[in-house]
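Chain residues, written in single-letter form:
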Amino acid sequence: MLVQRCPWRSVQLHQLWRLRPIHTRGVILDKRWPGWEVVVGIEVHAQIKSRRKLFSESFTSRPGEVPNTAVSPYDAAFPGTLPTLNPNCVELAVRTALALNSEVQFRSTFDRKHYFYSDLPAGYQITQRYSPLAKGGYLKLSKGNIAVGITQIQLEQDTAKSTLDGLRQTSLIDLNRAGSGLMEIVSEPDMRSPEEAADYVRTLQAVLRAVGSSDGNMEQGSFRCDVNVSVNRLGEPYGTRCEIKNLNSVKFMMVAITSEVFRHIELLESGCPVPQETRGFDENKAETFRLRSKEDSPDYRYMPDPNIPPLLISEEYIKAVQKSMPELPDVTRARLVNLGLSGRDADVLMAVDSGREVGFDGELGKGAVAYFDALSQRRDPKVVVNWMTHELLGQLAARDETFSDNPVSVAQLGELIDLVQDGKITGTSGKSLLKYIIANRSSAAPSVLAQELSLEAVSGDDNGAIQSWCAEAIEALPEEANAVRRGNPRVLNKLVGKVMQLSRGRADAQNARVVLETMLRRQAH
């Protein structure tokens, strides 16, 4: 049960504060900067995929919506309006905490972070700096058996969006995003290279999408990164860190970290200290630039929000959320491999699956893995994954379409695979049939289409048709036929291909090969 009340006496001291473990990493040698160690920590702001905002009844906006149309009086900071916590945002944040092996706090509180900017109507942001929703945890990266520690996960409001109108030299404010729920996920400084930072962000995106808490879309601004970078000589204490704000792509994040590392090394080698700064990243110049120094940093004057009581979460509520948790990526991959799939095939399915639509309030879209699971019922998983990854995905890619555009139902592809496996159509005909279904967006059964398009396999008993096609192939390719007669069997594949072309894929390739060999052997004598 999730409640918002304040029974102070029922909250024990050990629930209020817990010691945070210290994460350490061994020294990593990097040829790009010999003799130096790079230390990276990342703060991620992930927009919660809830239909409503964190503290108001307004709908969260979608990309392309008319500006300032998804705004309530509370979002615009009208006097007298009060916040009401969205329980769906809390549930999705708890899902995230459990997926990251964090300890959900039985009691957390909300603070006001004061600063004045045009995209913050109230003059403060509601966050959870001092008593967050969850503490601790870790995220295992996909490579190198590395676990990045999690410091804390907190709920907070998103700001409005400001756009500079260069022509009129004014800033335009869109309040649609104001008040949307965010999760700030703060990592430990456990990464030692730009590549590890990229792996962390991609793995975190996959986890958030898997549990349905965020779509993790960096391009649309629903997943933003602030990166802390420091450099020190091997064996020495950590150097002074600098923060790079608002990085919105993995590629630019890697370039920004690399640029910042070389900047630090250049300063240190010249005998200059590295000033603690907040910096931006210029994508065109591929370098960071100064925004403000530590001395210029604003005093946020944190204070408890007087309008929001402490958030109390019971152990029963946490267990209920845990029972409803979707399958996590590492569990999914292990399950797929146990079914007999290669690691590469499992990775392809999961990569496609990570791009599936994430619904609101934890509703998960049907992706490639769910499609595979339904398709592989009572079928060989290896055969199914070959048809999915090589044929279905390949033909969609040839049309510049993604899996979300897939018009082939599970029933259709399942029947098509069965027709091929039962020998009722050949593999070549199956590919042609799949291409036809995709191109024409047909909902007809593959067995019906195979009859209509004359793609049914020629039975082994119908030797006359196969012999006729083989004779035509030999006549059409006399040089290849002579080469086979002289003892070059490798050229036989061209003749078999010609037979398949003449039969429009209806002939069985193995049967055609046997007939061709017999005919050519006779002609040689």
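The rules we used
- Residues numbered from 1 in each chain as written.
- Predicted model: local features only at pLDDT ≥ 70, side-chain atom pairs only at ≥ 80, totals over all residues.
- Heavy atoms only, no water.
- pLDDT = per-residue confidence, 0-100.
- Contact = heavy atoms within 4.5 Å.
- Buried < 20%, exposed > 50% of the residue type's maximum accessible area, 1.4 Å probe, protein only.
- Helix = DSSP H or I, 4+ residues; strand = E, 2+ residues; numbered from the N terminus.
- Arc of directions from axis to C-beta.
- Salt bridge = Lys/Arg side-chain N within 4 Å of Asp/Glu carboxyl O.
- Core = buried A, V, L, I, M, F, W, Y, C linked by side-chain atoms within 4.5 Å.
- Axes fitted to C-alpha atoms, helices over the stretch in contact; angles between N-to-C directions.
- Parallel < 35°, antiparallel > 145°, perpendicular 65-115°, else oblique.
- Left-handed = near helix turned anticlockwise from the far one by under 90°.
- Nonpolar A, V, L, I, M, F, W, Y, C, P; charged D, E, K, R; others polar.

A word on the confidence of the model for the protein chain
Confidence in the prediction for the protein chain averages 87 pLDDT; 91% of positions are at 70 or higher. Taken together, the stretch residues 1-23 has pLDDT below 50 and engages in 45 contacts with residues farther than four places along the chain or on a different chain.

Concerning helix H7 (residues 343-353)
For H7, the complete set of buried residues consists of Asp 345, Ala 346, Leu 349, Met 350 and Asp 353. Axial view of H7: buried residues confined to an arc of 130°, hence all on one face.

Re the pattern of salt bridges
Between side chains of opposite charge, a pair can form as their charged atoms come close. Under the criterion given, the structure shown has 25 salt bridges. Put simply, Arg 32 and Glu 195 hold a salt bridge, and the shortest N to O gap is 2.9 Å. Placement of Arg 32 in the loop between helix H1 (13-16) and strand E2 (36-47) and of Glu 195 in helix H3 (residues 194-211) is noted, with a sequence separation of 163 residues between them. Classification of Arg 32 as partly exposed rests on a relative accessible area of 34%. Glu 195 gets classed as partly exposed once you look at its relative accessible area, which sits at 38%. One salt bridge connects Arg 335 with Asp 373, and the closest N-O pair in it is separated by 3.0 Å. Here Arg 335 is found in helix H6 (residues 329-338), whereas its partner Asp 373 is found in helix H8 (residues 368-375), with 38 residues between them in sequence. A single network of salt bridges, built from pairs that share partners, joins Glu 260, Arg 263, Glu 277, Arg 279 and Arg 290.

So, the nonpolar core
Counting 67 residues, the largest nonpolar core has Ile 42, Ile 185 and Tyr 200 as its most contacted members. Sequence-distant contacts of Ile 42, that is, excluding residues within four places in its chain, are made with Ile 185, Val 186, Ser 187, Met 191, Ala 197, Tyr 200, Val 201, Cys 225, Asp 226, Val 227 and Met 253. With 33 residues, the next largest nonpolar core counts Val 383, Leu 393, Leu 419 and Leu 434 among its residues.

What to know about the packing of H7 against helix H9 (residues 381-398)
Packing of H7 against H9 brings their axes to within 10 Å, and their N-to-C directions diverge by 55°. Classified by the angle their axes make, H7 and H9 are oblique. H7 and H9 meet at a crossing whose hand is left-handed. Of the residues in H9, those touching H7 at Arg 344, Asp 345, Val 348, Leu 349 and Val 352 are Val 385, Asn 386, Met 388, Thr 389, His 390 and Leu 393.

Some details on H8
Within the span of H8, buried status applies to Ala 368, Val 369, Tyr 371, Phe 372 and Leu 375. The buried residues of H8 occupy an angular sector of 160° when the element is viewed end-on, so they sit on one face.

Brief notes about the side chain of Thr 159
Looking at the secondary structure, you find Thr 159 in the loop between strand E9 (147-157) and strand E10 (161-165). On the basis of relative accessible area, Thr 159 is assigned to the buried category, the value being 12%. The residues touching Thr 159, leaving out its near neighbours within four places in the chain, are Tyr 115, Asp 119, Leu 120, Arg 177 and Ala 178.

Notes on the packing of H8 against helix H10 (residues 410-421)
At a closest axis distance of 10 Å, the pairing of H8 and H10 adopts a crossing angle of 50°. Considering their axes alone, H8 and H10 lie oblique with respect to each other. When the axes of H8 and H10 are compared, the crossing they make is right-handed. Contacts between H8 and H10 involve Tyr 371, Ala 374 and Leu 375 from the former and Val 410, Leu 413, Gly 414 and Ile 417 from the latter. Residues that form the contact of H8 with H10 fall into these classes: 6 nonpolar, 1 polar and no charged.

Topic: the environment of Leu 247
As for its position among the elements, Leu 247 is in strand E14 (residues 242-247). Sequence separation between Leu 247 and Phe 281 is 34 residues; the distance between their C-alpha atoms is 7.5 Å.

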